[in-house]
Amino acid sequence: MVEVTVTPQSSLADRPVQIRVRGLSPSQLVTLRAWLKDEQGECFQSRAFFRADEAGEVDPGLHAALGGSYSGVWPMGLFWFLQPDTLFRRLVKRDVAGSPFRVRLEVFDGLSMGTDPREQPLGSCEAERWYMGPGVQRVPIREGRVRGALFLPPGPGPFPGVIDLFGGAGGLIEFRAGLLASQGFAVLALAFFAYDDLPRVLAQLDLEYFEEAAELLLRHPKVRGPGLGVVGVSKGAEVALAMATFLPQVVATVWINGTSFLYGNPLLYKELRIPAIPYYTERVLFTEVGAMDNSAIFTDPRDPAHRASAIPVEKIRGKVLFVVGEADRSFNSKLFAELALARMPPESGRILSYPGAGHLIEPPGSPLCSNSSIRGTPRPLAWGGEPQPHARAQEHSWQEILQFLELHLGSVAAMKL
């Protein structure tokens with residue numbers, strides 16, 4: 001009787017699990033497959049080939065995969081290397097409160113390439129991967145101009161507060177906020193365009209909107225002030241750096257693959273206006289799979305003509321953690337981080353730079369998305385990254401991000417799921 005188990009069977013999506021297969025013949029060649037369907041019904045799957053040990057067991061945490069979606073010893077490889085059946089799809093959990101991703105784990109005799117739909121597994125089980133821990137509350141936010149969702153850990157608090165921002169696709173993306181709340185932070189997943197009654201397109205960055213959001217979060221009785229953190233990726237990282245520069249409430253900023261200059265959209269704050277450097281979209285390149293490589297549409301920020309578009313980071317009073325994927329194909333994020341750090345007060349920032357990592361550095365368990373379609377672009381975008389170094393970067397940077405936020409915002413009580 002072949003048995004497949006995953007321990008724990010139900011877990012937070014950023015936590016490791018152990019997969020075990022028992023009941024095989026010694027040295028039997030098998031295929032381990034993981035697959036799930038997202039909320040749109042799109043299938044993501046991975047597979048790896050193993051030989052059972054002398055006891056007839058396979059443990060991906062101990063035994064090297066011989067081939068398949070990856071090779072070598074990767075305890076979470078079947079989760080990290082999930083890929084969509086349809087090109088340009090990105091695995092994003094939308095309903096973080098209502099349901100987990102259910103990942104089916106199956107073992108097949110011999111090499112299963114996935115071409116025969118009649119093939120039956122020798123054994124299977126299901127893992128639940130949640131984006132909110134037990135007792136975390138999700139509260140929709142529609143107050144003043146602010147739109148988003150507030151995630152509160154269980155208990156009376158008060159909890160350190162964090163604003164969570166995504167990028168140029170707009171809308172409201174909540175999966176990182178749910179995971180951060182499960183680590184003990186009170187997190188406002190903040191939309192800033194293309195959501196509810198917010199502007200459909202991003203014409204300008206109105207920093208007073210983000211200031212209103214910061215004040216709203218700090219007023220909440222379960223949020224511990226006086227300072228808060230901001231986490232942002234891509235356009236959201238640009239916003240996060242501007243918030244760190246102008247808003248005294250922001251004391252800890254996590255900048256993931258962003259810019260340190262204004263591109264495409266000017267920034268407005270009270271009487272101040274920072275002009276934007278235009279995108280040179282005629283420089284876009286099409287990749288071998290037909291995605292858009294936008295790295296060349298960002299002109300060199302070191303050109304003296306662009307000096308007025310720099311975010312004045314020399315005014316930053318808090319701390320900034322720059323997270324860089326060196327294989328980012330959206331723009332040269334390492335250059336932007338280095339230029340910012342060079343102008344910031346001493347000891348106020350540091351760079352975590354990851355060779356081989358792409359643009360979308362997310363919590364561990366999120367498979368690499370090197371190309372995907374997003375709202376408002378005529379073709380899919382190339383994000384870059386190589387699967388194995390990108391997976392390592394996500395695992396390492398997530399722990400660094402959590403430690404950075406806790407160091408500068410105060411201690412948290414993480415969940416055990």
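Scoring rules and cut-offs
Residues numbered from 1 in each chain as written. Predicted model: local features only at pLDDT ≥ 70, side-chain atom pairs only at ≥ 80, totals over all residues. Heavy atoms only, no water. 1 Å grid on protein atoms, 1.4 Å probe; cavity = no way out; pocket = protein on both sides within 12 Å on 5 of 7 lines; lining within 4 Å. Points joined across faces, edges and corners; volume = space filled by probe spheres on them. Nonpolar A, V, L, I, M, F, W, Y, C, P; charged D, E, K, R; others polar. Domains from an automatic or database assignment. UniProt positions renumbered as here; feature names shortened; annotations may be inferred. Helix = DSSP H or I, 4+ residues; strand = E, 2+ residues; numbered from the N terminus. Polar contact = N/O pair within 3.5 Å; in protein donor to acceptor, adjacent residues only side chain to side chain. Contact = heavy atoms within 4.5 Å.

### Here's the deal with the layout of surface pockets
Taken as a whole, the largest pocket encloses approximately 890 Å³ of empty space. Around the largest pocket, the lining comprises 37 residues; the ones closest to its centre are Gly 168, Tyr 279, Ile 374, Thr 377 and Leu 381. Here the lining of the largest pocket is built from residues that sort into 19 nonpolar, 13 polar and five charged. Taken together, 14 residues make up the lining of the second largest pocket; nearest its centre are Arg 90, Val 92, Arg 94, Ser 373 and Ile 374. Grouping the constituent residues of the lining of the second largest pocket by class yields five nonpolar, four polar and five charged. Per-domain counts for the lining of the second largest pocket show at least three residues from each of domain 1 (3-130) and domain 2 (137-409).

### So, the UniProt feature "active site" (unreviewed entry) in the protein chain
The sites that UniProt annotates as "active site" (unreviewed entry) are Ser 234, Asp 328 and His 359. The greatest C-alpha distance among the residues just named is 10.5 Å, despite their covering 126 residues of sequence, which places them together in space. Checked against the lining of the largest pocket, the annotated residues just named reduce to Ser 234 and His 359. Among the structural elements, Asp 328 can be located in the loop between strand S21 (319-325) and helix H5 (333-343). A polar contact of 2.7 Å, which involves the side chain of Asp 328, links it to the backbone nitrogen of Ser 330. Looking at where His 359 falls in the secondary structure, it is placed in the loop between strand S22 (349-354) and strand S23 (371-372). The contacts of His 359, once residues within four sequence positions are left out, are Val 233, Ser 234, Asn 257, Asp 328, Ser 330, Phe 331, Trp 383 and Gly 384. Side chain to side chain, His 359 and Asp 328 meet in a polar contact 2.8 Å long.

### Quick look at the environment of Gly 349
By the element assignment, Gly 349 lies in strand S22. Through-space distance from the C-alpha of Gly 349 to that of Asp 164 is 19 Å; in sequence the pair is 185 residues apart. Filtering out sequence-adjacent residues up to four positions away, Gly 349 remains in contact with Val 320, Leu 341 and Met 344.

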